[in-house]
Amino acid sequence: MFSFKPPRRHAARTAAVGALAAAACATFMAGNAGAIVNGSDSTESYPFMATIPESAPTLGLKDGTCGASLIDEQWVLTAAHCVKGEGLELDGIVRVGSDHRKSGGTVRKIDRTFVHPDYVNGDGKAANKNDMALIRLDRPVAGKPIKIAEQAGQPGTPTRLLGFGTTADTELKFPDRLQELNTRRGAESECAPGYADRTRLCTITTVPKAMACFGDSGGPQVHKGRDGRWELIGVTSGPGAPKVPCSQGPGLYTSAPAYAGWIDRTMKANSAPPAAAKGSGLAETGTNDNTAAIAGVAAALLVAGGGTAVAVRRRKARRTA
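Bear in mind the structure is a predicted one, so any value in this text is a computation, not a measurement.

## Considering the environment of V107
In step 1: Structurally, V107 can be placed in strand β7 (residues 106-115).
In step 2: As for V107 and R95, which are separated by 12 residues in sequence, their C-alpha atoms are 4.5 Å apart.

## Focus: the pattern of salt bridges
In step 1: Going through the model one piece at a time under the given rule, you end up with 10 salt bridges.
In step 2: Close ionic contact of E180 with R160 constitutes a salt bridge, the shortest N to O distance being 3.6 Å. Here E180, found in strand β11 (residues 179-185), pairs with R160, found in strand β10 (residues 158-163); they are 20 residues apart in sequence, far enough to count as distant. Pair check on accessibility: E180 and R160 agree, each one buried.
In step 3: Ionic pairing is found between R200 and D197, a salt bridge with its closest N-O pair at 3.2 Å.
In step 4: The class of R200 is buried, set by a relative accessible area of 9%.

## Remarks on helix α1 (residues 260-269)
In step 1: Those residues of α1 lying buried are W262, I263, T266 and M267. The buried residues of α1 occupy one face: seen down the axis, they fall within an arc of 125°. For α1, the exposed residues set more than 90 degrees away from the buried face come down to R265, K268 and A269.

## Topic: the layout of surface pockets
Empty pockets left among the atoms are what a rolling probe the size of a water molecule brings to light.
In step 1: If you add up the space inside the largest pocket, you get close to 270 Å³.
In step 2: Lining the largest pocket are 18 residues, with A152, G153, R185, R198 and L201 sitting closest to its centre.
In step 3: At three residues, the largest contribution of residues to the lining of the largest pocket is made by strand β12 (residues 200-205).
In step 4: Across the lining of the largest pocket, the residue classes tally to eight nonpolar, five polar and five charged.

## A look at unusual backbone geometry
In step 1: At D123, a residue that is not glycine, the phi angle is positive and equals roughly 55°.
In step 2: Along the chain, D123 turns up in the loop between β7 and β8 (133-137).
In step 3: The backbone phi angle of N130 is positive, close to 50°, even though this residue is not glycine.
In step 4: Note on placement: N130 falls in the loop between β7 and β8.

## Regarding the side chain of R160
In step 1: The class for R160 is buried, based on a relative accessible area of 11%.
In step 2: Only 3.4 Å separates the side chain of R160 from the side chain of E44, close enough to count as a polar contact.
In step 3: Every residue in contact with R160, bar those within four places of it in the chain, is listed here: T43, E44, Y46, E180, L181, N182, T183, P220, Q221, V222 and W230.

## Some points on the environment of W230
In step 1: Among the structural elements, W230 can be located in strand β14 (residues 230-239).
In step 2: W230 gets classed as buried once you look at its relative accessible area, which sits at 17%.
In step 3: Filtering out sequence-adjacent residues up to four positions away, W230 remains in contact with E44, Y46, F48, I146, R160, V222, H223 and K224.
In step 4: Here the side chain of W230 touches E44 through a polar contact of 3.0 Å, side chain to side chain.

## Section: the nonpolar core
In step 1: The biggest cluster of nonpolar side chains holds 43 residues, and the ones touching the most others in it are I71, L77, V94, L134 and I263.
In step 2: When residues of this core are traced back to their parent elements, those giving at least two are β2 (49-56), β3 (61-72), β4 (75-78), β6 (93-96), β7, β8, β14 and α1.
In step 3: With residues near it in sequence (within four places) discarded, V94 still touches A50, T51, I52, V76, T106, V107, R108, I110, I135 and L137.

## A closer look at the confidence of the model for the chain
In step 1: Per-chain confidence: the chain averages 77 in pLDDT, with 72% of residues scoring 70 or above.
In step 2: Contacts of residues 3-35 to residues separated by more than four positions or lying in other chains number 98 contacts, the stretch itself having pLDDT below 50.
In step 3: For the stretch residues 276-321, pLDDT sits under 50, and the model shows 109 contacts to residues farther than four places along the chain or on other chains.

## What to know about the packing of aromatic side chains
In step 1: Per the counting criterion, the structure on display carries three aromatic pairs.
In step 2: Between the aromatic rings of Y46 and W230, the centroid separation amounts to 6.5 Å while the plane-to-plane angle is 50°, which identifies the pairing as tilted. A residue pair is termed long-range when its members are at least 10 positions apart, and Y46 in the loop between β1 (40-41) and β2 and W230 in strand β14 qualify at 184 residues.
In step 3: Residues W75 and F114 carry aromatic rings whose centres are separated by 5.5 Å and whose planes lie at 40° to one another, so their mutual orientation is tilted. Within this pair, whereas W75 is found in strand β4, its partner F114 is found in strand β7, the two being separated by 39 residues in sequence.
In step 4: Each residue in the set Y46, F48 and W230 is aromatic and connected to the rest through ring pairs, giving one cluster.
In step 5: When the ring centre of W230 is taken as reference, the NZ or CZ atom of K224 above it lies at 4.6 Å.

Calculation criteria
- Residues numbered from 1 in each chain as written.
- Predicted model: local features only at pLDDT ≥ 70, side-chain atom pairs only at ≥ 80, totals over all residues.
- Heavy atoms only, no water.
- Helix = DSSP H or I, 4+ residues; strand = E, 2+ residues; numbered from the N terminus.
- Salt bridge = Lys/Arg side-chain N within 4 Å of Asp/Glu carboxyl O.
- Buried < 20%, exposed > 50% of the residue type's maximum accessible area, 1.4 Å probe, protein only.
- Arc of directions from axis to C-beta.
- 1 Å grid on protein atoms, 1.4 Å probe; cavity = no way out; pocket = protein on both sides within 12 Å on 5 of 7 lines; lining within 4 Å.
- Points joined across faces, edges and corners; volume = space filled by probe spheres on them.
- Nonpolar A, V, L, I, M, F, W, Y, C, P; charged D, E, K, R; others polar.
- Polar contact = N/O pair within 3.5 Å; in protein donor to acceptor, adjacent residues only side chain to side chain.
- Contact = heavy atoms within 4.5 Å.
- Core = buried A, V, L, I, M, F, W, Y, C linked by side-chain atoms within 4.5 Å.
- pLDDT = per-residue confidence, 0-100.
- Phe/Tyr/Trp six-rings, centres within 6.5 Å; stacked < 30°, edge-to-face > 60°.
- Lys NZ or Arg CZ within 6 Å of the ring centre and 35° of its normal.

Written out as structure tokens, the structure reads:
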């Protein structure tokens, strides 16, 4: 997630520094903006879209979320800062293929996480580096994965962002419905000096005062391939400049094509046979919104590459109608 700390209001303008250690910090002004910020409800089905419920209780953040993309039947791609950070707790599940944040789609347990070994958090003073992580699911998903593009495209290439992040700059207002925003590849010079490069994509909105924000991290940036289908080019990483409100500045996306080699090697070296469907504790859900959640998830998950453990909350099994 982009980091967040409730702002202190001043008469004309408010600045607040994000406190979630796992995320890129941002400074933003008082006042609300539209959706994603200033996006719109999804206009089509995105079977590859995934969400990772998480929180940071010690920092006052509850019921948070990160985005992810299904790139293989048993793997999702997300941002490293979504799974590695002080005080960060994952619920231990991933929801795939739903246009609603807390219902529908297919729910799977997190089997294991793999953080890029050279990941460095910029702590709001610089861009996150190698902000990429893979999550192996406990069982395959029937939904269609998204293809990683061979190239991210030239500056000016039309792209689209997807996410369930906050719809306001200054507070956490997570939408139930998936949001989308049309954007374009920006030139490196359109982000702050030192932020964008071959591995980090500067992204510019085509809608006034709009961009991804807190809770959108890890989610997909896509463009249309030659066959007209969506292809993955970026993973939401953070703002494209320091001390800029979400809705006012460029966004920064880790290039999926630039890390295709690491992604492929990691999945091949850590492939696991599908778990037996019986007794898995989680079930696929359709449009009836019935969701079987976690029962007795392990207390921690080993994060490969970083050598640290990510706490996972135990959740009582429940069924929602």
